[in-house]
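Observations on chain architecture
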Amino acid sequence: MSKSLFQPIQLGALTLKNRIAMAPMTRSRTSQPGDVPNEMMATYYRQRASSGLIVTEGAPISAVGRGYSMTPGIYTEEHIEGWKRVTQAVHEEEGKIFIQLWHVGRRSHSCISGEQPLAPSAIKVPDQVFGPRPEGGFGMIETEMPREMTIQEIESTIADFVQAAKNSIEAGFDGVEIHAAHGYLFDTFMRLESNQRQDQYGGSKENRLRFLVETLQAVVNEIGGDKVAVRVSPHVIEGFADEDPEIIDVMLKALERMKPMNLAYVHFSERISRYVDVPETFRHQVREVYTNPIMVAGKMTKQSAQQLLDKQHADFVAFGTPFVTNPDLAFRLAHDLPLAEFDADARLTLYGGGAEGYIDYPAYQA
Ligand code: PHB
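Residues numbered from 1 in each chain as written. Predicted model: local features only at pLDDT ≥ 70, side-chain atom pairs only at ≥ 80, totals over all residues. Heavy atoms only, no water.

1. Some points on the overall build of the protein chain
Tallying secondary structure elements over the protein chain gives twelve helices and 14 strands in all. Relative to its length of 366 residues, the protein chain is compact, with a C-alpha radius of gyration of 19 Å against a globular reference of 21 Å. Counting only C-alpha atoms, the protein chain reaches 60 × 50 × 35 Å along its principal axes. Across the 366 residues that make up the protein chain, the buried fraction comes to 58%. Within the protein chain, residue pairs in contact and separated by at least 24 positions form 72% of the contacts whose partners lie at least 6 positions apart. Element-wise, carbon and sulfur atoms account for 50% of the exposed surface of the protein chain, whose accessible area totals about 14300 Å². Averaging the coordinates of the 36 positive side-chain charges in the protein chain and doing the same for the 48 negative ones gives two points 3 Å apart. (Helix = DSSP H or I, 4+ residues; strand = E, 2+ residues; numbered from the N terminus. Rg over C-alpha atoms; globule rule 2.2 N^0.38 Å. Buried < 20%, exposed > 50% of the residue type's maximum accessible area, 1.4 Å probe, protein only. Contact = heavy atoms within 4.5 Å. Areas by Shrake-Rupley, 256 points an atom, 1.4 Å probe, with all protein chains shown as cover. Lys, Arg positive; Asp, Glu negative; His and termini not counted. Charge placed at Lys NZ, Arg CZ, Asp CG, Glu CD.)

Shown next, in the form of C-alpha cells:
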C-alpha cells in the first residue's frame, strides 16, 4: 500500500516520524585544530530535527580517509565528545540522526590527509577537492596520484570503519551510514576504470564488491544491522572519467549480499553532479533482489518524492540543498508553504565560514 511522505516508517527498532530525511551535506564548519564538531553544528542539526531522519555530513573515519579540509572526524576522543552535543540536540527535539562514515579514497591530496591517498590501484582522473592552496587560503585543488592499497591496508581500513562505528554509538548516534557512493573509496573498488587489482579485491564482479561487503558485515557484527546503512550511486559518474558498463550488475549483486544483513536502509544517491537518469527497470530489479527499506535522494520535489513512494520505488526519501535554506522543510512540505530558494548566496556559504548562511535561515514566518 502506498504511503504518504508524512507517515512514520519503521527501520528495525527505530521509528522515523515522517519519510523525509535530510541528506548528508558537507558544510566544513568544525573547530580547529582537530576538525572537532562544535556548538554551532549542534544548533544547525537541532534546527533540522523535524525531518524523519538526519544523515550528517560525511565524517572521515581516519586521517588518510579525509578529502576535504575542516570536515568533522569520528576517530578521536575530541570528535566523539563534539558529536555528543549534536546527537543530544537532535534527540532533545525528538529527531533521529545517523552519521555518515566517509573514506574518500583517491579523491584527496596529502596536504589534506597527511599522506598519499589510497585506492584499489594507482590510477587517477582529473579531479579537484577542497583544501589548502599553495598560495594560501582554501580552495579547490587537484587531487594527487593515489597508492595501491595492500591487503593489510584493506584489513586495517575495515578495522577503522568498525572503530568509527563504535565511536558513533558512543557519541549517541542512532546509526551509521557507510558512504559507498560518488567515486570515493568503495565506489573505486567496484568500478573497472579504477580497480585493476589482480587479487581477491579485483577482477570479477564478486571480487570488486568484496571490500564493501566485508566492511558492512564487520560493522553489522559490531553494532547490529538495524544501526547500519549504506549509500550507493550506480548512476552517478562523479569522480570517474566514464560510465562503468558493469556497475549496475555489481550493485545488484552487492544488494543480494546485503539482504541477510538486515540493514536499516540502502540509500541511492541520484542526479548529483554528472549522472545518467535512473531507468524504471533498475528500480524494479532492485526491489526484486532487495526487500528491505530503500531511501532515494536527488533533486526531489514534494511531487516527485511522493511519486517514488506511490510507485513503491522507495520507502522514504532525502532532500539535500532545500534543507540548507529551509530548516523546517518537512513542515513546509506538509503545509505546502513556500520554500526559501537555495540561491547563489546560499551556495557561497555552503563550505566553511561561520554562522552566516548556516544557522541563520529562519523557520517559516507568515
Ligand atoms: C560535497 O561536499 O560537495 C560532497 C561531498 C560528498 C559527496 C558529495 C558531495 O558524496
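Having put the structure on the table, let's press on.
2. Thoughts on the site of the ligand
Around the ligand, the structure places T26, Y68, W102, H179, H182, Y184 and Y351. One nitrogen or oxygen atom from the side chain of H182 is found 2.4 Å from an oxygen atom belonging to the ligand. Surface burial for the ligand is 80%, taken as the share of its 270 Å² of free accessible area covered by protein chains. Its residues placed into classes, the shell around the ligand shows four nonpolar, three polar and no charged. (Near = heavy atom within 4 Å. Polar contact = N/O pair within 3.5 Å; in protein donor to acceptor, adjacent residues only side chain to side chain. Nonpolar A, V, L, I, M, F, W, Y, C, P; charged D, E, K, R; others polar.)

3. Digging into the packing of aromatic side chains
One pass over the structure, following the stated rule, counts 14 aromatic pairs. When the ring of Y68 is compared with that of W102, the centres are 5.2 Å apart and the planes differ by 35 degrees; the resulting orientation is tilted. Of this pair, Y68 sits in the loop between β4 (53-60) and α2 (77-92) while W102 sits in strand β5 (residues 97-102), and the two are 34 residues apart along the sequence. The structure contains a cluster of three or more aromatic residues connected by ring pairs, namely F161, F186, F189, Y201 and F211. (Phe/Tyr/Trp six-rings, centres within 6.5 Å; stacked < 30°, edge-to-face > 60°.)

4. Looking at the UniProt feature "domain: NADH:flavin oxidoreductase/NADH oxidase N-terminal" (unreviewed entry) in the protein chain
According to UniProt, the positions carrying the feature "domain: NADH:flavin oxidoreductase/NADH oxidase N-terminal" (unreviewed entry) are residues 4-339. A distance of 20 Å separates the end C-alpha atoms of residues 4-339, which is 35% helix and 18% strand. (UniProt positions renumbered as here; feature names shortened; annotations may be inferred.)

5. Some remarks on helix α4 (residues 151-170)
Helical geometry: 3.6 residues make up each α-helical turn, so side chains three or four residues apart lie on a common side. Taking 1.5 Å per residue as the helical rise, α4 with its 20 residues ought to reach 28 Å, and the 29 Å between its terminal C-alpha atoms agrees with that figure. E153, I154, T157, I158, F161, V162, A164, A165, N167 and S168 are the residues of α4 that are buried. One or two positions beyond α4, positive phi appears at G172, with a value near 100 degrees. (Expected span 1.5 Å × (residues − 1).)

6. Points about the packing of helix α6 (residues 205-223) against helix α7 (residues 247-258)
For the pair α6 and α7, the least separation of the axes is 10 Å and the interaxial angle reads 40 degrees. Classified by the angle their axes make, α6 and α7 are oblique. Pair α6 / α7 crosses with right-handed handedness. Contacts between α6 and α7 involve K205, E206, R208, L209, L212, V213 and L216 from the former and D249, V250, K253, A254, R257 and M258 from the latter. Looking at the contact of α6 with α7, its residues break down into seven nonpolar, no polar and six charged. (Axes fitted to C-alpha atoms, helices over the stretch in contact; angles between N-to-C directions. Parallel < 35°, antiparallel > 145°, perpendicular 65-115°, else oblique. Left-handed = near helix turned anticlockwise from the far one by under 90°.)

7. Examining the pattern of salt bridges
Applying the stated criterion to the full structure yields 21 salt bridges. A salt bridge links R107 to E238, with the shortest nitrogen-to-oxygen separation between them at 2.8 Å. Pair noted here: R107 is in the loop between β5 and α3 (110-113) and E238 is in the loop between β11 (228-232) and α7, with a separation of 131 residues, a long-range link. Owing to a relative accessible area of 3%, R107 belongs among the buried residues under this scheme. What you see here is one network of salt bridges that share partners, running through R46, E92 and E93. (Salt bridge = Lys/Arg side-chain N within 4 Å of Asp/Glu carboxyl O.)

8. As for the packing of helix α1 (residues 39-47) against α2
Two numbers describe how α1 lies on α2: the axes approach to 8 Å, and their chain directions differ by 25 degrees. Considered as vectors, α1 and α2 are oriented roughly parallel to each other. Along this stretch, α1 crosses α2, giving a crossing that reads as right-handed. Counting all contacts with α1, which are made through E39, M41, A42, Y45 and R46, the residues of α2 involved are W83, R85, V86, A89, V90 and E92. Taken together, the residues of the contact of α1 with α2 break down into seven nonpolar, no polar and four charged.

9. A look at the sheet that holds strand β14 (residues 316-319)
Spatially, the eight strands close up into a barrel ordered β3-β4-β5-β10-β11-β12-β13-β14, and their pairing is parallel. Within this sheet the neighbouring strands show an average axis-to-axis angle of 25 degrees, counted without direction. Across the sheet, α4 touches β5 and β10 (175-179), and the angle it forms with β5 is around 155 degrees. Seen against the sheet, α6 touches β10 and β11 and runs at an angle of roughly 160 degrees to β11. (Pairing = 2+ DSSP bridges.)

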